[in-house]
Amino acid sequence: FVREHAPALVVTDVMMPEAGGDELVRAIRGDRAFDSTPVVVLTAKADDALRVRLLGMGASDYVSKPFSVVELRARIANLVGARLAHEGNRRLNAELVRIIRDPALKASLWDRQWIDAAGSSPEDAAALLVRERGKWAKAARESGLSLDP
């Protein structure tokens, strides 16, 4: 079901007719395509060991019944927002790594010594670039300038 629908978030109950919530959490976490999909588990059981086990298996949150719908919506909004931010960061990092590895880039684009100072991997260089961009943005704000074209 999850593979067919690719949900942004899964809400499940511990006790379901065909498969338990723990089985669903295990199946979702066992599939790399869904490793960042948040999973919220609902349960009527007030069992600390179960809660710890499910969270250890990869459940993103655990909500005991009865629960407030407003609270559940807030938890869902937070989890989906965090997932979107994580995916955005992952895409940005992949793009920066792609740019750094692009053989068409000339040394004039970045000072070769600056790239070498970032470390031996493209990921280190991408992380340094992001940190430096933050410093430049702060300096620009403080001086009333903009980095945007």
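Above: the structure in question.
How each quantity is defined
- Residues numbered from 1 in each chain as written.
- Predicted model: local features only at pLDDT ≥ 70, side-chain atom pairs only at ≥ 80, totals over all residues.
- Heavy atoms only, no water.
- Axes fitted to C-alpha atoms, helices over the stretch in contact; angles between N-to-C directions.
- Helix = DSSP H or I, 4+ residues; strand = E, 2+ residues; numbered from the N terminus.
- Parallel < 35°, antiparallel > 145°, perpendicular 65-115°, else oblique.
- Left-handed = near helix turned anticlockwise from the far one by under 90°.
- Contact = heavy atoms within 4.5 Å.
- Nonpolar A, V, L, I, M, F, W, Y, C, P; charged D, E, K, R; others polar.
- Buried < 20%, exposed > 50% of the residue type's maximum accessible area, 1.4 Å probe, protein only.
- Arc of directions from axis to C-beta.
- Expected span 1.5 Å × (residues − 1).
- Polar contact = N/O pair within 3.5 Å; in protein donor to acceptor, adjacent residues only side chain to side chain.
- Pairing = 2+ DSSP bridges.
- Core = buried A, V, L, I, M, F, W, Y, C linked by side-chain atoms within 4.5 Å.

A look at the packing of helix α2 (residues 21-29) against helix α3 (residues 48-57)
For any two helices packed against each other, the geometry is given by the interaxial angle and the distance between the axes.
Now for step 1: In the contact formed by α2 and α3, the axes pass within 9 Å of each other and the chain directions differ by 15 degrees. Between α2 and α3, the angle falls in the class roughly parallel. In terms of crossing hand, the pair formed by α2 and α3 is left-handed. Residue-level inspection shows Asp22, Val25, Arg26 and Arg29 of α2 in contact with α3, the latter providing Arg53, Leu54 and Met57.
Now for step 2: Considering only residue class, the contact of α2 with α3 consists of three nonpolar, no polar and four charged.

Looking at α2
Now for step 1: Residues Gly21, Asp22, Val25 and Ile28 constitute the buried set of α2. Viewed end-on, α2 has its buried residues packed into an arc of 130 degrees, placing them on one side of the element.

Regarding helix α4 (residues 69-101)
Along an α-helix, residues three or four positions apart point the same way, because every turn accommodates 3.6 residues.
Now for step 1: If you check α4, its first and last C-alpha atoms are 48 Å apart, about what 33 residues at 1.5 Å a residue would give, namely 48 Å.
Now for step 2: The N-cap residue of α4 is Ser68: its side-chain oxygen and the backbone nitrogen of Val70 are 3.3 Å apart.

Some remarks on the environment of Val11
Now for step 1: Relative to the helices and strands, Val11 is located in strand β1 (residues 10-13).
Now for step 2: Sequence separation of Val11 and Leu42 is 31 residues, and the distance between their C-alpha atoms is 7.3 Å.
Now for step 3: Each residue touching Val11, except ones within four places of it in the same chain, is listed here: Val40, Leu42 and Ile76.

Regarding unusual backbone geometry
Now for step 1: Here the bond from Lys65 into Pro66 is cis, since omega is -10 degrees, no more than 30 degrees from zero.
Now for step 2: By the secondary structure assignment, Pro66 is in the loop between β3 (61-64) and α4.

Thoughts on the sheet that holds strand β2 (residues 39-43)
Now for step 1: Ordered in space as β1-β2-β3, the three strands form an open sheet in which the pairing is parallel. Edge positions in the sheet fall to β1 and β3, since each has one partner strand and no second. In this sheet, neighbouring strand axes are inclined to one another by 25 degrees on average, regardless of whether the strands run parallel or antiparallel.
Now for step 2: Direction of pairing for β1 relative to β2: parallel, over a ladder of four bridges. Considered in β2, the bridge of Thr12 is made with Val41.

Topic: the nonpolar core
Now for step 1: Within the largest apolar cluster, 11 residues are counted, these being Val10, Val14, Val25, Ile28, Phe34, Val39, Val41, Leu50, Leu54, Ala59 and Tyr62.
Now for step 2: Those elements giving two or more residues to this core turn out to be α2, β2 and α3.
Now for step 3: In this structure, Val39 is in contact with Val10, Thr12, Val25, Ile28, Arg29, Ala59, Ser60 and Asp61, ignoring residues within four places of it in sequence.
Now for step 4: In this structure, Leu9, Val40, Val63 and Leu79 belong to the second largest nonpolar core, which totals six residues.

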